[in-house]
Amino acid sequence: CPGTGKTETTKDLAKAIAMQCVVFNCSDGLDYLAMGKFFKGLASSGAWACFDEFNRIDLEVLSVVAQQILTMQRAKAAGLKIFEFEGTRLALRPTCSVFITMNPGYAGRSELPDNLKALFRSVAMMVPDYALIGEIMLYSSGYLKARDLARKLVATYRLCSEQLSSQSHYDYGMRAVISVLRAAAANKQKDPATDEEVLMLRCIKDVNAPKFLAPDIPLFEGILSDLFPGIDLPATDYAQLNSALEAAAAAAELVTTPTFIEKAQQLYEMILVRHGLMIVGYSYSAKTSIYK
């Protein structure tokens, strides 16, 4: 299932034993030539590769990939220093290894062929305890009320998944929890004297409010007011950002509206806590202008 930490586990294992691990998201556009290039690089460098969502690759390609991996594994087992791979003589470093992750039973995913299954050892994963992960990360960031705040964070996402509308871009899994925890750690470092409940409430709002549709915002506000009763959230000081936005808008001959400024502020907050993001909206809703 998604959010069980398949890729993260592979990355953490590589980090623990000081191995380079390259994570690659597979798609049905991959062919055996592209995979062959990957395997050549792995064999020569001795690095690890984690192929995410491996069963998205077409069945015909997977059968050839099985032969490619088998060639590498036999060369490693024989203790060869140089081996022949698809007509090319390559140096072989025995530390190279291939890991795959997959979500079985999804639409558009293939079942792995038997000759490929035989080359890998399967590991079943289960959904972790988000509250425990959150508690440990909050304690490590300097929070004293870490247990209560972690439980409230998990409860927020559980209630959101039950009460809010179902949208393709809504995510209440581990990635969403981690992004809030990352923001909470940054806020605690920046403002250690502020009440911890205020910091957590601000993080949950800043990370989640931008992605919710207008009808879901009141429901989200209601969930937060139930979980954080009596917490009055002070307004964030965006004075410098606002003046820069006004100047940039004037230079681009744009008229700034309160909604425009608010969405630009939300985009700024999202950039701080996420590696990459997607701006979703109707045509002419100022998506490109806000980004610029």
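One can find the structure itself at the top, above this paragraph.
This is a predicted model, so every value here is computed, not measured.

Procedures and definitions
Residues numbered from 1 in each chain as written. Predicted model: local features only at pLDDT ≥ 70, side-chain atom pairs only at ≥ 80, totals over all residues. Heavy atoms only, no water. Helix = DSSP H or I, 4+ residues; strand = E, 2+ residues; numbered from the N terminus. Buried < 20%, exposed > 50% of the residue type's maximum accessible area, 1.4 Å probe, protein only. Lys, Arg positive; Asp, Glu negative; His and termini not counted. Salt bridge = Lys/Arg side-chain N within 4 Å of Asp/Glu carboxyl O. Contact = heavy atoms within 4.5 Å. Axes fitted to C-alpha atoms, helices over the stretch in contact; angles between N-to-C directions. Parallel < 35°, antiparallel > 145°, perpendicular 65-115°, else oblique. Left-handed = near helix turned anticlockwise from the far one by under 90°. Nonpolar A, V, L, I, M, F, W, Y, C, P; charged D, E, K, R; others polar. Phe/Tyr/Trp six-rings, centres within 6.5 Å; stacked < 30°, edge-to-face > 60°. Lys NZ or Arg CZ within 6 Å of the ring centre and 35° of its normal.

What to know about the side chain of aspartate 206
Among the secondary structure elements, aspartate 206 is positioned in helix α8 (residues 196-208). No salt bridge forms around the buried aspartate 206; measuring N to O, its nearest opposite-charge neighbour arginine 202 is 5.1 Å away. Those residues in contact with aspartate 206 that lie beyond four places of it in its chain are Glu269 and Met270.

Section: the packing of helix α5 (residues 130-140) against helix α6 (residues 146-163)
It is the contact of α5 with α6, at a shortest axis distance of 8 Å, that shows an interaxial angle of 135°. Judged by the inter-axis angle, α5 sits oblique to α6. Both α5 and α6 take part in a crossing whose hand is right-handed. Where α5 abuts α6, its residues Tyr130, Ala131, Gly134, Glu135, Leu138 and Tyr139 lie against Ala146, Arg147, Leu149, Ala150 and Val154. Broken down by class, the residue content of the contact of α5 with α6 amounts to 8 nonpolar, 1 polar and 2 charged.

Regarding the packing of aromatic side chains
Under the criterion given, the structure shown has 6 aromatic pairs. Judged by centre distance (5.9 Å) and plane angle (75°), the ring pair of phenylalanine 39 and phenylalanine 51 falls under edge-to-face. Note that phenylalanine 39 is positioned in helix α2 (residues 32-45) and phenylalanine 51 in strand β2 (residues 48-52), a separation of 12 residues in sequence. The buried category is assigned to phenylalanine 39, whose relative accessible area is 0%. Overall, phenylalanine 51 belongs to the buried group, its relative accessible area being 0%. One aromatic cluster is present, built from ring pairs that chain together Phe24, Phe38, Phe39, Phe51 and Phe54. If you follow lysine 152 out to its NZ or CZ, it ends over the ring of phenylalanine 228, 4.9 Å from the centre. Just above the ring of tyrosine 143 sits the side chain of lysine 188; from NZ or CZ to the centre is 5.4 Å.

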